[in-house]
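So you can see what is in the structure, the chains are spelled out below.
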Amino acid sequence: MTKKIISILVLLCTISGVLFGCAKKESPYIITFNNTQTNQTTKDFLDKDGNVILNQDELTKVFAFYAQYQRDYVDNYITAYSSYYGTTFDEYLKQQNSNGTTYAESIIEDVKTIFMEYLVTKKQIKEIGLSFSEEEQKIVDETFSQTKSSFGEEKFSSVCEKLGISEDDFKEYTISHTYMNSLLADYYYGENGQEAVTNETLLNNFNENYRRFKYIILSKVDESGNALSTDDLAAKKQKAESVLQQVNAGANFEDLVVTASEAYTDPATATTDDDKNTINEMNEIMLNDGLIADANGIYDKTSYNNYGSIVDSNVITQVFQMNVDECALIELDSAFWIVKLYDLNEKTEYFDNKRSDIFDSIVNPLMTEKINNWTSELNYTYNDETISQYNPTNLSPILIEETNSSSNSSSTKSTNEDKTGISAETIIIICLAGVLVIVAALVILMIILGNKKKKALLATTLNTESNEVESADNEQPIANDTQEQPENTAVEIENHKDEDYQSVFGNEDSENK
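First things first, this report covers the structure right here in the doc.

Reading the values: the criteria
Residues numbered from 1 in each chain as written. Predicted model: local features only at pLDDT ≥ 70, side-chain atom pairs only at ≥ 80, totals over all residues. Heavy atoms only, no water. Helix = DSSP H or I, 4+ residues; strand = E, 2+ residues; numbered from the N terminus. Buried < 20%, exposed > 50% of the residue type's maximum accessible area, 1.4 Å probe, protein only. Contact = heavy atoms within 4.5 Å. Areas by Shrake-Rupley, 256 points an atom, 1.4 Å probe, with all protein chains shown as cover. Patch = residues over 30% accessible without salt bridge, like charges linked within 9 Å, V, L, I, M, F, W, Y side chains within 5 Å. Salt bridge = Lys/Arg side-chain N within 4 Å of Asp/Glu carboxyl O. Lys, Arg positive; Asp, Glu negative; His and termini not counted. Charge placed at Lys NZ, Arg CZ, Asp CG, Glu CD. Phe/Tyr/Trp six-rings, centres within 6.5 Å; stacked < 30°, edge-to-face > 60°. Lys NZ or Arg CZ within 6 Å of the ring centre and 35° of its normal. Pairing = 2+ DSSP bridges. Axes fitted to C-alpha atoms, helices over the stretch in contact; angles between N-to-C directions. Core = buried A, V, L, I, M, F, W, Y, C linked by side-chain atoms within 4.5 Å. Expected span 1.5 Å × (residues − 1). Arc of directions from axis to C-beta. Polar contact = N/O pair within 3.5 Å; in protein donor to acceptor, adjacent residues only side chain to side chain. Parallel < 35°, antiparallel > 145°, perpendicular 65-115°, else oblique. Left-handed = near helix turned anticlockwise from the far one by under 90°.

### A look at the overall build of the protein chain
Logical step 1: Assigned secondary structure in the protein chain consists of 20 helices and 9 strands.
Logical step 2: Put simply, the protein chain has 513 residues, and 40% of those count as buried.
Logical step 3: Counting contacts in the protein chain only where the partners sit at least 6 residues apart, residues at least 24 apart contribute 72% of the total.
Logical step 4: Carbon and sulfur atoms make up 47% of the accessible area of the protein chain, which totals about 28400 Å².

### Points about a negative patch on the surface
Logical step 1: Together, Asp-222, Glu-223, Asp-231 and Asp-232 make up a region of like negative charge exposed at the surface.
Logical step 2: Within the secondary structure layout, Asp-231 lies in helix H10 (residues 230-248).

### A word on the packing of aromatic side chains
Logical step 1: Under the criterion given, the structure shown has 27 aromatic pairs.
Logical step 2: On the basis of an interplanar angle of 70° and a centroid distance of 5.7 Å, the ring pair of Phe-65 and Tyr-66 is categorised as edge-to-face. Side by side, Phe-65 and Tyr-66 carry an identical accessibility label, which is buried.
Logical step 3: Aromatic ring contacts, followed pair by pair, group Phe-65, Tyr-66, Tyr-69, Tyr-118, Phe-144, Phe-151, Phe-156, Phe-170 and Tyr-173 into a single cluster.
Logical step 4: Here the basic side chain of Lys-43 rests over the ring of Tyr-29, its NZ or CZ set 4.3 Å away from the ring centre.

### A few points about the sheet that holds strand E5 (residues 210-219)
Logical step 1: If you walk across this open sheet you meet the 4 strands as E6-E5-E8-E7, and the pairing is antiparallel. For this open sheet the edge positions go to strand E6 (291-294) and strand E7 (327-331), each flanked by a neighbour on one side alone. Each strand of the sheet is rotated relative to its neighbour by a mean of 40°, with strand direction disregarded.
Logical step 2: As paired strands, E5 and strand E8 (residues 335-342) are joined by 8 bridges and run antiparallel to one another. Considered in E8, the bridge of Phe-213 is made with Leu-341.
Logical step 3: Sitting on the sheet, helix H9 (residues 199-209) touches E5 and E6, and the angle it makes with E5 is about 30°.
Logical step 4: Where H10 meets the sheet, it contacts E5, E7 and E8, and its direction lies at approximately 165° from that of E7.

### Side note on the pattern of salt bridges
Logical step 1: According to the stated counting rule, one finds 18 salt bridges in the structure shown.
Logical step 2: With its nearest N and O atoms 3.0 Å apart, the salt bridge here joins Lys-122 to Glu-172. Linking Lys-122 in helix H5 (residues 103-128) with Glu-172 in helix H8 (residues 167-189), this pair joins segments that are 50 residues apart in sequence.
Logical step 3: For Glu-195, the salt bridge identified is with Lys-370, shortest N-O distance 3.2 Å. Remark: Lys-370 occurs in helix H15 (residues 348-377) and Glu-195 occurs in the loop between H8 and H9; sequence separation between them is 175 residues.
Logical step 4: What makes Glu-195 partly exposed here is its relative accessible area of 39%.

### Looking at the nonpolar core
Logical step 1: Counting residues in hydrophobic clusters, the biggest one holds 67 residues, and the most contacted among them are Phe-115, Leu-119 and Phe-170.
Logical step 2: By residue number, the principal contributor to this core is H5, which donates 12 residues.
Logical step 3: Among residues more than four places away in sequence, those in contact with Leu-119 are Phe-33, Phe-45, Leu-54 and Leu-59.
Logical step 4: The next biggest cluster of nonpolar side chains, apart from the first, holds 33 residues, and it includes Ile-216, Leu-256, Tyr-264 and Ile-316.

### Considering the environment of Asn-296
Logical step 1: Turning to its location among the elements, Asn-296 is positioned in the loop between E6 and helix H13 (301-307).
Logical step 2: Spatially, the C-alpha atom of Asn-296 lies 7.3 Å from that of Ser-313, the residues being 17 residues apart in sequence.

### Remarks on H5
Logical step 1: With 26 residues, H5 extends 37 Å from end C-alpha to end C-alpha; this agrees with the ideal 38 Å at 1.5 Å per step.
Logical step 2: A positive backbone phi angle near 90° is found at Gly-129, which sits one or two residues after H5.

### Section: the pairing of strand E1 (residues 31-35)
Logical step 1: Relative to strand E9 (residues 380-382), E1 is paired through 3 bridges, and the arrangement is antiparallel. Within E9, the position partnered with Thr-32 by the bridge is Thr-381.

### Some remarks on unusual backbone geometry
Logical step 1: Phi is positive for Asp-325, close to 75°, though the residue is something other than glycine.
Logical step 2: In this fold, Asp-325 is placed in the loop between helix H14 (313-319) and E7.
Logical step 3: Assessed through its relative accessible area of 54%, Asp-325 is described here as exposed.

### Structural notes on the sheet that holds strand E2 (residues 40-42)
Logical step 1: Sheet architecture is open: 3 strands sit in the order E2-E1-E9, paired in antiparallel fashion. Edge positions in the sheet fall to E2 and E9, since each has one partner strand and no second. Strand-to-strand twist across the sheet, computed as the mean angle between neighbouring axes with direction ignored, equals 20°.
Logical step 2: The sheet contact formed by E1 and E2 spans 3 bridges and is antiparallel.

### Let's talk about helix H11 (residues 253-260)
Logical step 1: Among all positions of H11, only Phe-253, Glu-254, Leu-256, Val-257 and Ala-260 are buried. Buried residues of H11, viewed axially, fall in a sector of 160°; they line one side. In H11, those exposed residues whose orientation departs by more than 90 degrees from the buried face are Asp-255 and Thr-259.
Logical step 2: Buried residues belonging to H11 abut E5, H10, helix H12 (273-289) and E8.
Logical step 3: Two or three places before Glu-254, at the opening of H11, Asn-252 has a side-chain oxygen 2.9 Å from that residue's backbone nitrogen.

### Focus on the pairing of E8
Two faces make up the sheet, and in a regular strand the side chains alternate between them.
Logical step 1: Along E8, 8 of the 8 residues are buried, which leaves the element largely enclosed by surrounding structure.
Logical step 2: Neither face of E8 is exposed, since Ala-335, Trp-337, Val-339 and Leu-341 on one face and Phe-336, Ile-338, Lys-340 and Tyr-342 on the opposite face are all buried.
Logical step 3: Note: E7 against E8, 5 bridges, orientation antiparallel. Paired with Leu-329 across the bridge in E8 is Ile-338.

### Some remarks on the packing of H5 against H8
Logical step 1: Following both chains from N to C, one finds H5 and H8 inclined at 55°, their axes separated by 10 Å at the closest point. Considering their axes alone, H5 and H8 lie oblique with respect to each other. At the point where H5 passes H8, the crossing takes the left-handed sense. Contacts between H5 and H8 involve Glu-117, Tyr-118, Thr-121, Lys-122, Gln-124, Ile-125 and Ile-128 from the first element and Glu-172, Tyr-173, His-177, Met-180, Asn-181, Leu-183, Leu-184, Tyr-187 and Tyr-188 from the second.

Structural data, given as structure tokens:
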């Protein structure tokens with residue numbers, strides 16, 4: 001009897017072992033790296049000494065975060081400008097660009113670019129031994145705090161939970177990543193860098209690529225935005241020509257800004273302190289410093305990045321052909337501009353204020369080249385099966401509010417793992433193994449008791465449990481609404497879009513909108 005019990009237990013343990021062995025499915029991986037020197041393939045990202053920088057699960061989490069971030073970024077933009085683009089986000093993803101690929105595929109390629117940039121910059125930072133100074137870390141922390149505040153504390157925590165990341169992860173993938181790039185740029189091209197960009201180079205760039213000018217504007221439309229009549233337009237043009245004649249005759253340009261320009265506003269008309277401050281700031285530009293713009297018409301990087309604010313290209317073309325103290329009348333579709341060119345180096349602060357922008361314009365292409373070289377040095381292969389899970393068509397919005405454009409498909413957009421990382425198939429197998437353990441206990445009990453009634457009970461139990469297992473196997477995994485998606489954070493993504501993608505996000509000529 002004892003031998004029979006032992007034999008049955010051994011058999012059941014063997015079956016359970018096989019089942020549990022099957023249940024230990026390998027975690028999905030995003031990418032593999034092949035070391036050409038050792039000819040070894042690894043799913044972890046290693047430094048030059050073979051130390052792990054990011055393990056397999058961390059790599060998946062980073063990629064997933066950037067995929068979600070990029071998906072929501074595009075969704076938010078397309079939804080905001082749906083009337084302009086005439087499409088919903090879901091429809092946009094299906095459209096093809098000039099390369100013959102869909103925009104959904106383009107977004108995935110962008111995610112790969114951002115993901116790889118994150119990896120190689122993190123690798124360089126680690127191998128060089130760079131770290132944030134106390135002041136830099138303070139800036140990173142303050143910027144992150146502002147980001148949290150913009151979400152709201154409770155909502156931000158919820159977002160991180162859905163993404164499956166900690167708040168520190170969010171900061172690492174977004175704010176810290178941006179400053180990591182700055183650390184590397186300064187290491188190579190800063191004042192004491194290995195390939196330092198000299199002050200002379202920056203100043204030469206400033207003189208070649210920037211112009212300083214003041215302006216007087218006479219509009220071709222009335223206060224309601226309607227085009228002027230033929231007679232009124234002729235009178236306005238005559239006034240513009242008169243202003244130009246006065247300036248050329250020696251009249252003070254700043255006095256004419258006050259008396260003739262329709263862009264000038266009397267501060268006394270302000271009804272609030274905020275309005276008065278805004279008016280004074282605009283008047284300060286027109287009367288004192290003027291606009292300092294580059295060859296693309298960008299006069300303020302913040303205004304450009306946020307609103308696409310630039311000076312009309314016709315104005316820029318004209319001022320770059322002028323000499324200091326020279327004036328010109330420029331007729332645009334919307335207005336007459338009378339401009340006067342001023343000394344770019346009248347104050348050292350003009351150069352100092354543009355120094356960072358100039359440094360970036362020189363260094364960014366150089367850093368992009370370095371990142372491309374570092375990337376090409378890696379021998380890697382993406383796991384297309386796992387990557388496909390993070391196609392934007394398979395993700396629901398997390399960083400933004402769910403909109404009608406994406407709600408139709410959101411209920412089916414999920415990976416096959418819940419927040420514990422255990423797949424539905426694994427859970428079913430574990431349940432099956434649990435059933436067998438119960439069966440084993442009943443078998444032992446039957447043998448010990450030798451009760452025929454127990455045999456009948458066992459037969460009934462086996463039949464019931466078998467039906468339950470079969471039913472479970474036939475069920476489809478149910479997506480968990482609170483399931484955490486791996487994260488993605490797209491920082492500085494404008495630099496990584498193809499031409500068609502850039503046309504959606506980067507063409508910021510406000511007149512085209």
